[in-house]
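Each chain, written out:
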Amino acid sequence: VNAVMPPRAAALLAECGRLEPRAKALIVLVRRWAKDRGVCHASKGHLSPYAWTLLAIYFLQVGLPEGALLPPLAAFAASSEGLAAAAATTGPEENITITNDQGRWSEA
């Protein structure tokens, strides 16, 4: 209804597909796997579909031995009008930037 996550998730999925078609296929597969296994229900204490999308993207950024298949999310927003528009619809409490300083994550 007035949810921000579905348009943001759709824009993120579209941008991943634009950058790397295999990434979009993996994200859709992971989300489908989670739904089929019953672990994709935020209201039941599980991860949301958006969280599964972010996990798959993170794996494609750092989990491959041959190198990153996708750039950092900051590069997504700079190259995608859809993501920038979705980010503009969020409130200030939702705009949290996470930075990595040699394996340590912190909010900036």
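Residues numbered from 1 in each chain as written. Predicted model: local features only at pLDDT ≥ 70, side-chain atom pairs only at ≥ 80, totals over all residues. Heavy atoms only, no water.

Right, let's talk about the overall build of the chain for a bit. In terms of helices and strands, the chain carries five helices and two strands. The order of α-helices and β-strands along the chain, N terminus first, is α-α-α-α-α-β-β. Across the 108 residues in the chain, those meeting the buried criterion constitute 25%. Sequence-distant contacts in the chain: of pairs separated by 6 or more residues, those separated by 24 or more amount to 44%. For the chain, the accessible area works out to roughly 7,200 Å², and carbon and sulfur atoms hold 60% of it. (Helix = DSSP H or I, 4+ residues; strand = E, 2+ residues; numbered from the N terminus. Buried < 20%, exposed > 50% of the residue type's maximum accessible area, 1.4 Å probe, protein only. Contact = heavy atoms within 4.5 Å. Areas by Shrake-Rupley, 256 points an atom, 1.4 Å probe, with all protein chains shown as cover.)

With that settled, the discussion passes to the pattern of salt bridges. In the structure shown here, the tally under the stated rule is three salt bridges. Residue E15 is joined to R18 by a salt bridge in which the shortest nitrogen-to-oxygen separation is 2.8 Å. On the criterion of helical spacing, the pair formed by E15 and R18 is a turn pair, its members being three residues apart in helix α1 (residues 5-19). Of the residues examined, E15 reaches a relative accessible area of 4% and is grouped as buried. The closest approach of N and O atoms between D36 and R32, which form a salt bridge, is 3.1 Å. Here D36 pairs with R32, and both are found in helix α2 (residues 21-37), just four residues apart, close to one helical turn. Residue D36 is classed as partly exposed on the basis of its relative accessible area of 47%. The exposed category is assigned to R32, whose relative accessible area is 53%. (Salt bridge = Lys/Arg side-chain N within 4 Å of Asp/Glu carboxyl O.)

Here we come to the nonpolar core. Judged by nonpolar contacts, the single largest core of 13 residues is most densely connected at C16, I27, I57 and L70. For this core, the secondary structure elements donating two or more residues are α1, α2 and α3 (49-62). Excluding residues that lie within four positions of it along the chain, L70 makes contacts with C16, L19, E20, A23, I57, L60, Q61 and F76. (Core = buried A, V, L, I, M, F, W, Y, C linked by side-chain atoms within 4.5 Å.)

Turning our eyes to something else, we now look at the environment of L54. Note that L54 resides in helix α3. Remark: the alpha-carbon pair of L54 and L73, spanning 19 residues in sequence, is separated by 9.7 Å. Those residues within four positions of L54 in sequence are excluded, and the remaining contacts are L12 and L73.

A word on the side chain of E20. Take E20: it is sitting in the loop between α1 and α2. At 2.8 Å, the side chain of E20 forms a polar contact with the side chain of R22. In contact with E20, not counting residues within four places along its chain, are L69 and L70. (Polar contact = N/O pair within 3.5 Å; in protein donor to acceptor, adjacent residues only side chain to side chain.)

Topologically, Q61 is positioned in helix α3. Exposure remark for Q61: the relative accessible area of 18% places this residue in the buried category. Excluding anything up to four places from it in sequence, Q61 contacts A68, L70, P71, P72 and L73.

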